[in-house]
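A structural walkthrough
Chain by chain, the residues:
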Amino acid sequence: MRIRIAGVTVAATSLLISGCSGPFSTLDPAGPAARSVLPLTWTMVSVALAIFFGLILLWLYAIRRNRQDLSDEDAQRLQNKWIIGGGIVLPTVALALLLLFGAPVGHKMLPLPLDEGEAMRVDVKAYQWFWRISYPDTSIQLVDEIHIPINTPIDFHITSQDVIHSFWLPRLGGKIDAIPGHTNVLRLEADEAGEYRGLCTEYCGQGHTIMQFKVIAHSAEDFEQWLQKEGGQNND
């Protein structure tokens, strides 16, 4: 029995650890936006676990305690306290704290004016079931592939041709909806050169599961070379 429990524990631990990395892991941030989200994620998980185990303890206490020493009035008064505390006060405080700490994190992904320079723009249009990428002032158009320079704020201007999709790059930051007839802007940035995976996280039909894309982050020099080469090929 002990061997079986130990085996299950090891397997569960290995599964949890394996989820901390990989192309779609939010626990392996590679940009300032994703890095700012990570502490909020751990805080939410920790608070949720504390509330969960607290409820378990309260449940155990409730089924074991002797209610014979309580009058009907006392029982009703105690019940009202739990309803007010657990049903009103606790959710209100939790949501207020989430808004207090979550709003600054989301604020960093808004296309606000920079202290120096300007963000680079990349246009993204979602279709069933692929992503069309274009770079303003160039003839470059790509499908399911985005090239960006590192250490550069990128404003993704995202819309949709047909139904609502959702654009998400887990290792670089938050996600945002792609809505027909409307353009949403999401600011992200990559710290390191490499390949990052993205996907649609809004069910959009039969091909939803294959609606993925990749972002290739280059050094500034390599990106300029790619831009000139790709632009030249598209002009030919």
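Now for a description of the structure that goes with this document. Quick caveat, the model's predicted, so the values are computed rather than measured. Residue positions are given per chain, counted from 1 along the sequence in the order it is written. In keeping with the predicted nature of the model, local features appear solely for residues at pLDDT of at least 70, side-chain atom pairs appear and are counted solely at 80 or more, and the whole-chain, interface and lining totals rest on all residues. Heavy atoms from the whole structure form the basis of all side-chain values; hydrogens and water molecules are not counted.

**Here we look at the nonpolar core**
Counting residues in each nonpolar core, the largest one holds 37 residues, and the members touching the most others are Val-122, Val-124, Trp-131, Tyr-135, Ile-146, Phe-156 and Phe-167. The greatest single-element share of this core, amounting to four residues, is contributed by strand S1 (residues 120-127). As annotated, the domain borders come from an automatic or database domain assignment. Both of domain 1 (26-109) and domain 2 (120-231) provide at least three residues apiece to this core. Here, residues are in contact when the closest pair of their heavy atoms is within 4.5 Å. With near-sequence residues (within four places) excluded, Ile-146 lies in contact with Val-122, Val-124, Ile-133, Tyr-135, Phe-156, Phe-167, Phe-213, Lys-214, Val-215 and Ile-216. Only buried residues count toward a nonpolar core, which is a set of Ala, Val, Leu, Ile, Met, Phe, Trp, Tyr and Cys residues joined through side-chain atoms within 4.5 Å. Only protein chains enter the area calculation, which uses a 1.4 Å probe; residues under 20% of their type maximum are buried, those over 50% are exposed, and those in between are partly exposed. Secondary structure is summarised from DSSP: a helix means a run of H or I of at least four residues, a strand means a run of E of at least two, and numbering begins at the N terminus for each.

**A look at the layout of surface pockets**
Rolled over the atoms, a probe with the dimensions of a water molecule shows which regions are left empty. Any residue with an atom within 4 Å of a point lines the site, the site being either a cavity, points on a 1 Å grid over the protein atoms alone where a 1.4 Å probe fits but cannot get out, or a pocket, an open set with protein on both sides within 12 Å along at least 5 of 7 lines. Grid points are joined across faces, edges and corners, and a volume is the space filled by probe spheres set on the points. Of the volumes computed, that of the largest pocket is approximately 340 Å³. Contributing to the lining of the largest pocket are 13 residues, with Met-44, Val-47, Ala-94, Leu-97 and Leu-98 lying nearest its centre. Listed by contribution, the elements that provide at least two residues to the lining of the largest pocket are helix H2 (32-64) and helix H3 (72-107). Here the element with the most residues in the lining of the largest pocket is H3; it accounts for seven residues. Classifying every residue of the lining of the largest pocket gives twelve nonpolar, one polar and no charged. Asp, Glu, Lys and Arg are counted as charged, while Ala, Val, Leu, Ile, Met, Phe, Trp, Tyr, Cys and Pro are counted as nonpolar; the rest, among them Gly, fall into the polar class.

**Observations regarding H2**
Compared with an ideal rise of 1.5 Å per residue, which puts 33 residues at 48 Å, H2 spans 49 Å between its outermost C-alpha atoms and is within 8% of the ideal. By the burial criterion, the buried members of H2 are Ala-33, Ala-34, Ser-36, Leu-38 and Leu-40. Where H2 is buried, its residues meet H3 and strand S8 (184-188). Expected helix span is given by 1.5 Å per residue-to-residue step, counting one fewer step than there are residues.

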